[in-house]
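Here are the chains, one letter per residue:
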Amino acid sequence: MKIETKIEHFNEPLYLESGRIFSSFKLAYETYGELNADKSNAVVVCHALTGSHHAAGRYDGDTKAGWWDSLIGDGKAVDTTKYFVICVNIISSPFGSTCPLDIDESRGKEYRMRFPVVVISDVVNAQRRLFERLGIKKAHAIIGGSLGGMQALCFAIEHSDFCDRVIALATTYATQAWAIAFNKIAIEGILNDPNFDNGNYDKEAIKENGLTGMAIGRMAGHISFLSPYSTKSKFDRKYVDTDGLYELKGRFEVDRYMEYNGYNFSKRFDPLCYLYIAKMMNVFDCTRHYDSLKDALAPIKAKLTLISFSGDMLFMPREMREIYDSLVDMGRKNMVEYIDISSDYGHDAFLVEVEKFDFYIKRALEWKK
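Structural notes, computed from the coordinates. (Residues numbered from 1 in each chain as written. Predicted model: local features only at pLDDT ≥ 70, side-chain atom pairs only at ≥ 80, totals over all residues. Heavy atoms only, no water.)

Here's the deal with the overall build of the protein chain
Okay, so step 1: Within the protein chain, the regular secondary structure consists of 12 helices and 14 strands.
Okay, so step 2: Compactness check: the protein chain gives a C-alpha radius of gyration of 21 Å against a globular reference of 21 Å for 369 residues, within 12% of the reference.
Okay, so step 3: Principal axes of the C-alpha set define a box for the protein chain whose edges measure 65 × 50 × 45 Å.
Okay, so step 4: Relative to its full complement of 369 residues, the protein chain shows a buried share of 57%.
Okay, so step 5: By sequence separation, contacts in the protein chain at least 24 residues apart represent 73% of the contacts at least 6 residues apart.
Okay, so step 6: Here the protein chain has roughly 16700 Å² of accessible surface; of this, 49% comes from carbon and sulfur atoms.
Okay, so step 7: Positive and negative side-chain charges of the protein chain, numbering 46 and 51 respectively, have mean locations separated by a distance of 3 Å. (Helix = DSSP H or I, 4+ residues; strand = E, 2+ residues; numbered from the N terminus. Rg over C-alpha atoms; globule rule 2.2 N^0.38 Å. Buried < 20%, exposed > 50% of the residue type's maximum accessible area, 1.4 Å probe, protein only. Contact = heavy atoms within 4.5 Å. Areas by Shrake-Rupley, 256 points an atom, 1.4 Å probe, with all protein chains shown as cover. Lys, Arg positive; Asp, Glu negative; His and termini not counted. Charge placed at Lys NZ, Arg CZ, Asp CG, Glu CD.)

Listed below in structure tokens is the structure:
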């Protein structure tokens with residue numbers, strides 16, 4: 001599988017929904033496979049909140065593959081011998097695209113807390129600029145899970161002529177209060193950590209030591225990615241062998257797991273970027289500029305494949321079912337399919353249990369208009 005990683009610079013304005021403007025911006029992206037002669041085989045893959053453009057394969061020296069490597073590659077469900085797969089790092093993310101740590105040209109200093117709030121529509125509009133520059137006038141398909149599914153829905157609604165197939169997994173048409181509440185813990189943890197220093201923290205110190213408030217917030221967020229069943233199966237009531245049961249700070253194995261994930265995450269993901277992307281997720285509501293969900297879905301022209309997971313506690317299956325039911329009520333049953341995957345894993349099933357749904361993605365990619 002041919003893999004290329006690039007950063008594209010745009011010396012042109014990007015007008016944001018908030019009314020703010022980037023006078024210039026950049027997008028990091030990764031591609032897999034080859035674009036065909038008429039540039040009609042592009043499959044756009046959209047990443048989740050803390051993901052990146054590195055969706056598949058391995059860089060030299062890496063022990064861990066891209067986050068959807070089990071789905072994307074030669075001979076896999078998203079077959080890179082047939083499709084040219086492209087994954088773009090979203091604006092606000094710390095992995096190469098324009099983010100709060102970049103220089104604000106108007107001030108000659110890093111944006112930090114002066115960075116504008118960016119919404120899903122802005123992210124998708126920026127990606128369209130990249131695809132136009134690459135000569136991709138129409139994608140074969142768009143696929144995304146969680147925050148990536150929000151992007152996929154946004155493409156379907158706001159760029160309805162760009163694609164005939166849209167596949168959204170483990171997502172929602174509007175972030176509900178339950179998910180916003182989980183994000184609130186991380187947001188408060190970051191903002192109230194003294195070492196955050198109102199966004200003026202030392203970047204190198206964060207990479208080395210992490211940020212305690214962010215680590216604690218991430219632990220709470222990580223719970224929302226799992227389920228009671230997956231945590232019981234993985235840890236049950238196992239106690240750390242080296243810790244004493246009657247030591248106040250003695251830990252269960254699940255304690256150690258949460259510590260490991262939380263504190264390591266706080267070293268590898270920038271706290272300001274996390275704040276802005278969490279805000280992006282919280283604000284998402286595809287009905288915001290419409291009178292109802294049906295009105296919001298009316299512009300869709302693509303075949304829509306919706307895949308939920310029964311154990312998802314973050315974006316619950318009924319939220320995706322509501323999209324399906326609305327389209328059926330609108331007489332669009334032949335243009336939408338809904339699959340609820342039986343899973344005890346939780347929200348992250350869309351990353352972990354690929355063998356339960358890759359068939360449906362392959363089938364959706366092969367759908368003939």
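Here the narrative resumes, following the displayed structure.
What to know about the pattern of salt bridges
Okay, so step 1: Tallying each qualifying case throughout the model produces 25 salt bridges.
Okay, so step 2: With a shortest N-O distance of 3.9 Å, R128 and E132 are connected by a salt bridge. Highlighted residues: R128 and E132, both in helix α1 (residues 120–133), separated by four residues, approximately one helical turn.
Okay, so step 3: Exposure remark for E132: the relative accessible area of 52% places this residue in the exposed category.
Okay, so step 4: Where K138 meets D164, a salt bridge forms, and the shortest distance between an N and an O atom there is 3.1 Å. Here K138 is found in the loop between α1 and β11 (141–145), whereas its partner D164 is found in the loop between α2 (147–158) and β12 (165–169), with 26 residues between them in sequence.
Okay, so step 5: Among the residues examined, D164 registers a relative accessible area of 15% and is labelled buried. (Salt bridge = Lys/Arg side-chain N within 4 Å of Asp/Glu carboxyl O.)

Let's talk about α1
Okay, so step 1: In this model, α1 (14 residues) spans 20 Å end to end at C-alpha, consistent with the 20 Å of a helix rising 1.5 Å per residue.
Okay, so step 2: Here α1 lies mainly inside the structure; 10 of its 14 residues are buried.
Okay, so step 3: All of the buried residues along α1 are I120, S121, D122, V123, V124, A126, Q127, R128, L130 and F131.
Okay, so step 4: Directly beyond the C-terminal end of α1, a positive phi value near 80° is found at G135. (Expected span 1.5 Å × (residues − 1).)

Points about the layout of surface pockets
Okay, so step 1: The computed volume of the largest pocket comes to approximately 1400 Å³.
Okay, so step 2: What lines the largest pocket is a set of 46 residues, among which T50, K64, R218, R268 and L351 lie closest to the centre.
Okay, so step 3: Contributing elements (two or more residues each) for the lining of the largest pocket: α3 (177–191), α5 (212–225), α6 (228–234), α7 (253–268), α8 (271–283) and α11 (349–352).
Okay, so step 4: By residue number, the principal contributor to the lining of the largest pocket is α7, which donates six residues.
Okay, so step 5: Residue composition of the lining of the largest pocket, grouped by class: 21 nonpolar, 18 polar and seven charged.
Okay, so step 6: Of the voids in this model, the second largest pocket is the one considered here, and its volume is about 250 Å³.
Okay, so step 7: S24, F25, T98, I103 and E105 are, among the 16 residues lining the second largest pocket, the residues nearest its centre.
Okay, so step 8: A per-class count over the lining of the second largest pocket returns six nonpolar, six polar and four charged. (1 Å grid on protein atoms, 1.4 Å probe; cavity = no way out; pocket = protein on both sides within 12 Å on 5 of 7 lines; lining within 4 Å. Points joined across faces, edges and corners; volume = space filled by probe spheres on them. Nonpolar A, V, L, I, M, F, W, Y, C, P; charged D, E, K, R; others polar.)

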